[in-house]
Amino acid sequence: MSIYDTLNREQKEAVLTVEGPLLLLAGAGSGKTRVLTHRIAYMIDEMGVNPWHILAITFTNKAANEMRERVDNLVGFGSEQIWVSTFHSTCVKILRRHIDRLGFDNGFTIYDTDDQKTVIKEICKRFQIDTKQLKERAIMSAISSAKDELISPLEYEINAFGDFTKKKIASVYKEYQTILKRSNALDFDDLIMKTVELFKACPDVLYNYQERFKYIMVDEYQDTNTAQFELIRLLADRHHNLCVVGDDDQSIYKFRGANIRNILDYEKVYPEARVIKLEQNYRSTGNILNAANQVIKNNKGRKAKSLWTEKDAGAKVHYRQFDNGYEEAEFVAEDIARKVRKGECGYGDCAILYRTNAQSRIMEERFVLEGMPYNIVGGVNFYARQEIKDILAYLKTIDNGRDDLAVKRIINVPKRGVGNATLDKVQEYADMRNISFYDALREKDQIVSLGKAAAKLEPFVSMMQTFRSKAQYYGIQDMIEDVLEVIDYKGYLNSLNEEDEKTEDRLRNIDEFISKAAIYEQTHDEISLTDFLSEIALVSDVDSMEDADERVRLMTIHSAKGLEFTQVYLVGMEDGLFPSYMTIVSDDPTDMEEERRLAYVGITRAMEDLTLTYAKARMVRGETQYNPVSRFVREIPSELMDNTVPTVKRREEDVFDFRPKAVLKPKITPQPVKPFITQGIGSLNRVAGINKGAAALEADTVLDYTEGDRVRHVKYGEGKVLKLEREPRDYKVTVQFDNAGQKIMYASFAKLKRV
DNA sequence: GTGCCTGCTCACGGG
DNA sequence: GAGCAGGCAC
């Protein structure tokens with residue numbers, strides 16, 4: 001028996017169709033990854049295709065890793081030669097080799113959203129744009145959409161003819177690109193757009209990659225935007241061996257430029273394309289799948305298909321209503337605890353999915369309270385944290401002195417007495433001489449207007465030069481640790497006088513960052529700071545989600561795409577939240593269809609058990625909202641559910657009286673509890689503040705030491721108290737330690753002992 | 001130049 | 001509820 005005998009008829013057909021364009025419409029849970037991996041195996045083992053000629057593109061690193069692993073298991077020899085990666089990292093790899101052809105340096109840095117915002121802000125200020133009328137956010141998204149559509153600043157300007165706002169955006173867009181180029185930086189959208197530009201400008205480069213990638217596969221094709229489509233089209237233009245896999249019903253990234261027409265019109269672009277539909281679902285039980293089908297069929301703009309399963313109907317879809325979000329969270333946590341207690345599932349089998357990241361907080365608080373293990377995926381990206389970005393800015397400056405943004409970020413971190421006035425003067429000089437900000441710093445003595453301030457810049461410049469010379473022979477971990485030590489970053493964090501919990505979180509994050517660097521060094525043969533930095537720029541939280549972890553997953557429905565769980569809780573099923581208010585009031589009906597696809601994605605994540613919850617009242621940005629039950633819940637026929645969904649017209653009092661008994665018991669008095677385990681990216685910072693004030697001193701507490709006394713700290717050793725300041729809830733103590741330098745701390749946390 | 005306070009605005013999703 | 005610009009005191 002061969003490995004292909006386990007496939008169904010359509011799957012097999014897809015696997016055997018190797019030559020020519022192929023559109024694989026793969027419904028949720030229809031085994032598409034299986035098809036893709038088997039197809040690769042078939043190409044290599046049966047068709048004699050050289051693995052070197054195969055390119056497989058996915059959207060997330062996680063999906064790429066998963067495919068890589070499965071291909072490795074299936075294909076014996078040469079599988080490591082297959083190029084499996086995301087759009088963004090594919091482009092980085094190509095650009096690192098050739099972007100000099102477009103006048104960039106191959107060691108470019110990658111700007112994230114925060115970096116973009118800083119640049120845009122600076123431009124708006126300089127151009128005297130009233131950001132109350134034209135928001136930076138709006139400009140950013142306009143530029144991003146332009147790049148998704150491959151519209152250059154010049155074209156944008158031409159299109160803006162007569163439109164005042166667009167003209168302004170055009171001028172910002174143009175300046176933004178100039179600054180990025182001068183900083184030798186690219187943003188996420190540039191990665192794709194510049195690669196397309198490169199291919200169009202340099203046919204020889206394109207030819208090389210066309211001959212290399214004779215067989216191309218693209219996963220999650222419904223989420224590609226125009227630029228990504230063009231990239232793929234160019235690459236496949238010579239051999240036409242392009243297999244795209246997608247599901248128009250799961251297209252949920254329109255806001256990011258995804259063009260659903262790419263999949264709907266595939267056959268127009270490639271008239272000779274084979275189209276194969278995978279409609280048998282292997283994931284969910286009958287009731288869940290039916291519920292999903294019933295919801296999605298309300299969309300008009302979709303390719304006709306209907307998923308079916310051989311599985312039993314299974315449990316009905318659970319529906320629960322609550323008075324408010326707290327009770328909703330309480331129910332979800334207890335329901336999971338109950339299932340785990342009864343041995344029905346483990347924590348790791350459960351996922352709580354919500355529409356917006358803001359909803360995670362209330363759930364998290366409940367999990368902390370109950371001491372249940374959980375893991376928040378997404379939210380604030382680990383690498384976007386202030387302390388991590390500071391260190392990254394040091395590394396970027398060491399690696400690429402042309403990254404002005406990084407230099408400006410750290411020139412006064414820790415405090416070096418360099419303020420805006422000094423920055424402006426240096427920038428002015430840099431502009432005049434047409435050199436980078438960092439190079440201007442090095443020539444500080446030539447900047448007459450600086451006066452005495454020039455002396456304050458000297459230590460920074462000589463320190464950076466030392467780092468750079470060390471970079472030649474230091475590893476990445478060594479470099480990070482050296483930087484932290486030289487700038488005394490821990491001392492700086494302490495001097496910020498933030499809440500103690502917050503400082504501890506930051507220190508923990510730094511430790512985690514160091515270990516990530518160590519892992520990078522262990523897992524890569526060739527270690528380069530540039531590659532390390534670009535790898536970091538491209539990872540998201542979903543990517544680092546551990547599979548074997550026994551904890552409940554909390555994430556947005558967007559993050560959950562491509563994942564499956566036996567127990568799924570879709571919370572906050574309210575009109576106004578999901579679908580979002582923005583969608584309800586939108587005059588574009590396709591917005592609601594996208595929202596419905598999101599509901600479809602959410603429902604189809606569930607294998608055995610799906611629970612939908614609704615809260616009558618919910619706190620949203622500080623105010624209480626009363627929303628009707630989500631229309632998506634109402635689209636599920638009642639015979640598929642275990643509770644009746646009230647019609648919107650019913651009186652509110654009638655609506656909520658059949659809540660399950662479990663949530664009616666008296667409220668537990670909240671106790672500050674340490675999270676069961678804090679691991680994973682989301683959880684670390686988020687639990688901070690729960691214990692807020694718990695250790696604060698009573699008003700009449702008297703310390704047994706005073707100014708001038710010698711004290712001992714558990715970590716810093718002995719030192720002398722320089723200053724003691726009474727604050728409403730605590731004493732602020734400044735201590736000069738013998739070996740650890742000067743620290744400012746709160747008496748209640750520092751637990752100093754008089755010697 | 002720095003630190004702190006206040007009041008204002010903004011809030012969907014993410015590589 | 002949070003982040004940030006702007007104003008103010010030092």
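Residues numbered from 1 in each chain as written. Chains lettered and ligands numbered in written order. Predicted model: local features only at pLDDT ≥ 70, side-chain atom pairs only at ≥ 80, totals over all residues. Heavy atoms only, no water.

### Considering the overall build of chain A
What counts, and what does not: Starting at the N terminus, helices and strands are each numbered in turn, a helix being any DSSP run of H or I of at least four residues and a strand any DSSP run of E of at least two. Classification of residues uses two cut-offs on accessible area relative to the type maximum, computed with a 1.4 Å probe and protein chains only: under 20% is buried, over 50% is exposed, and between them is partly exposed. Note on contacts: a residue pair qualifies if any of its non-hydrogen atoms lie within 4.5 Å across the two residues. Note on areas: Shrake-Rupley with a 1.4 Å probe; residue coverage comes only from the protein chains shown.
For chain A, the count of helices and strands is 32 helices and 20 strands. The buried share among the 755 residues of chain A stands at 56%. Relative to all contacts within chain A whose residues are 6 or more apart in sequence, the contacts with residues 24 or more apart total 74%. When the accessible surface of chain A is split by element, carbon and sulfur atoms take 50% of a total near 34000 Å².

### Notes on empty space enclosed by the protein
Under the convention used in this document: Cavity means a closed set of points on a 1 Å grid over the protein atoms alone, one where a 1.4 Å probe fits but cannot get out, pocket means an open set with protein on both sides within 12 Å along at least 5 of 7 lines, and lining means a residue has an atom within 4 Å of a point. Grid points are joined across faces, edges and corners, and a volume is the space filled by probe spheres set on the points.
Taken as a whole and assessed by the stated rule, the structure comprises one cavity of 30 Å³ or more. In this model, the largest cavity occupies a volume close to 40 Å³. Lining the largest cavity we find R96, F108, T109, I110, D399, T530, L533, S534 and A537. Secondary-structure elements contributing two or more residues to the lining of the largest cavity are β4 (109–111) and α25 (529–537). Counting residues per element, the lining of the largest cavity draws most heavily on α25, at four residues.

### So, the side chain of S89
Position of S89 among the secondary structure elements: in helix α4 (residues 87–98). The residues contacting S89, other than those within four sequence positions of it, are N61 and L538.

### Some points on the nonpolar core
What counts is decided by this rule: Among the buried residues, those of types Ala, Val, Leu, Ile, Met, Phe, Trp, Tyr and Cys that are joined through side-chain atoms within 4.5 Å form a nonpolar core.
L191, F199, I216 and L242 are the most contacted members of the largest nonpolar core, which has 70 residues in total. With residues near it in sequence (within four places) discarded, I216 still touches L55, I232, L235, A236, N241, L242 and C243. Membership of the second largest hydrophobic core comes to 52 residues, among which are L392, A393, L457 and V483.

### Looking at a nonpolar patch on the surface
Operational definition: Each patch is built from residues that are more than 30% exposed by relative accessible area and take part in no salt bridge. Like charges join if they lie within 9 Å; nonpolar side chains (Val, Leu, Ile, Met, Phe, Trp, Tyr) join within 5 Å. Any carboxyl oxygen of Asp or Glu within 4 Å of a side-chain nitrogen of Lys or Arg constitutes a salt bridge here.
A cluster of nonpolar side chains, contributed by Y581, I584 and V585, occupies part of the molecular surface with about 290 Å² of accessible area. Within the secondary structure layout, Y581 lies in helix α27 (residues 581–585).

### Comments concerning the pattern of salt bridges
Under the criterion given, the structure shown has 55 salt bridges. A salt bridge links D531 to R96; the nearest nitrogen and oxygen atoms lie 3.9 Å apart. Placement of D531 in helix α25 and of R96 in helix α4 is noted, with a sequence separation of 435 residues between them. For R96, a relative accessible area of 15% translates into the label buried. Taking the shortest distance from any N to any O, the salt bridge between R631 and D575 comes out at 2.7 Å.

### Digging into the protein's contact with DNA strand B
Stated formally: If even one non-hydrogen atom of a residue comes within 4 Å of a molecule or strand, that residue is called near it. Pairs of N or O atoms are called polar contacts if they sit within 3.5 Å, as long as, within protein, a hydrogen donor faces a hydrogen acceptor (for residues adjacent in sequence, only side-chain-to-side-chain pairs).
Around DNA strand B there are 26 residues in total, and K135, D189, R355, N357 and R621 lie nearest to it. If you look at DNA strand B and keep only atoms within 4 Å of the protein, 54% of those are sugar or phosphate atoms. The side chain of R137 places a nitrogen or oxygen atom 2.9 Å from a phosphate oxygen of DNA strand B. Take A421: an N or O atom from its main chain is 3.3 Å from a phosphate oxygen of DNA strand B. Within the residue set of the surface near DNA strand B, elements represented by two or more residues are α9 (188–201), α19 (420–433) and α26 (557–560). Broken down by element, the surface near DNA strand B gets its largest block of residues, three residues, from α19.

### Here's the deal with the sheet that holds strand β8 (residues 274–278)
Short version of the rule: Strands qualify as paired when DSSP identifies two bridges or more between them. The axes used here are C-alpha line fits, helices contributing only the stretch in contact, and every angle between their N-to-C directions lies in the interval 0 to 180 degrees.
Reading across the sheet, the six strands line up as β3-β2-β6-β7-β1-β8 and stay open at both edges, with parallel pairing between neighbours. With partners counted over all chains shown, the strands left at the sheet margins are β3 (83–86) and β8, one partner each. Strand-to-strand twist in this sheet, taken as the mean axis angle between neighbours without regard to direction, amounts to 15°. Relative to strand β6 (residues 215–218), strand β2 (residues 54–58) is paired through four bridges, and the arrangement is parallel. In the strand pairing of β6, A56 is matched with M217.

### Digging into the pairing of strand β9 (residues 318–324)
Of all seven residues in β9, five are buried; the element is thus mostly enclosed. Where β9 and strand β14 (residues 606–620) come together, six bridges link them in parallel fashion. By the bridge assignment for β14, N324 is matched with A617.

### Considering the environment of D105
For D105, the location among the structural elements is in the loop between α4 and β4. Given the relative accessible area of 40%, D105 is considered partly exposed. Each C-alpha atom of the pair D105 and L95 lies 9.6 Å from the other, and the pair is 10 residues apart in sequence. With residues up to four places along the chain from it excluded, the contact list for D105 reads I99, N184 and R402. Side-chain polar atoms of D105 contact the backbone nitrogen of G107, separated by 2.8 Å.

### Notes on unusual backbone geometry
Phi is mostly negative for residues that are not glycine, and the peptide bonds are mostly trans. Residue P414 is bonded to the preceding V413 through a cis peptide linkage, with omega at -5°. As for its placement among the helices and strands, P414 is situated in the loop between α18 (404–410) and α19. Here the bond from F578 into P579 is cis, since omega is 5°, no more than 30 degrees from zero. Mapped onto the elements of the fold, P579 is located in the loop between β13 (565–570) and α27. One non-glycine residue, Q128, adopts positive backbone phi at about 55°. As for its position among the elements, Q128 is in the loop between α5 (113–126) and α6 (136–148). On the accessibility criterion, Q128 (72% relative accessible area) is exposed. Positive phi values are uncommon outside glycine, yet N434 reaches one of about 60°.

### What to know about the packing of α4 against α9
We count it as follows: Orientation is classified from the angle alone, with under 35 degrees giving roughly parallel, over 145 giving roughly antiparallel, 65 to 115 giving roughly perpendicular, and any other angle giving oblique. Left-handed describes a crossing in which the near helix is turned anticlockwise from the far one by less than a right angle; the clockwise case is right-handed. Three classes are used: nonpolar for Ala, Val, Leu, Ile, Met, Phe, Trp, Tyr, Cys and Pro, charged for Asp, Glu, Lys and Arg, and polar for all others, with Gly counted as polar.
The contact between α4 and α9 brings their axes to 9 Å, and the two run at 55°. By the angle class used here, α4 and α9 are oblique. As for the relative orientation of α4 and α9, their crossing is left-handed in sense. Taking contact as the criterion, the partners of F87, H88, C91, V92, I94, L95 and H98 in α4 are, on α9, F188, L191, I192, K194, T195, L198 and F199. Residues belonging to the contact of α4 with α9 are distributed by class as follows: 10 nonpolar, three polar and one charged.

### A word on the environment of R256
Mapped onto the elements, R256 comes out in the loop between β7 (242–246) and α12 (261–264). When its relative accessible area of 40% is taken as the criterion, R256 is described as partly exposed. Sequence spacing of R256 and V49 is 207 residues, and the spatial spacing of their C-alpha atoms is 35 Å. Beyond its immediate chain neighbours, meaning those up to four positions away, R256 contacts F59, D148 and N225.

### Thoughts on the state of the cysteines
Formally: When two cysteine sulfur atoms lie within 2.5 Å, the pair is treated as a disulfide.
Counted by the stated rule, this structure contains zero disulfides. In this structure C202 is not part of a disulfide, and its nearest cysteine sulfur, from C91, lies 15 Å away.

### Here we look at the confidence of the model for chain A
Convention followed: Predictor confidence is given residue by residue as pLDDT, running from a minimum of 0 to a maximum of 100.
Averaged over every residue, the pLDDT of chain A is 84; the share at 70 or more is 88%. For the stretch residues 649–701, pLDDT sits under 50, and the model shows 102 contacts to residues farther than four places along the chain or on other chains.

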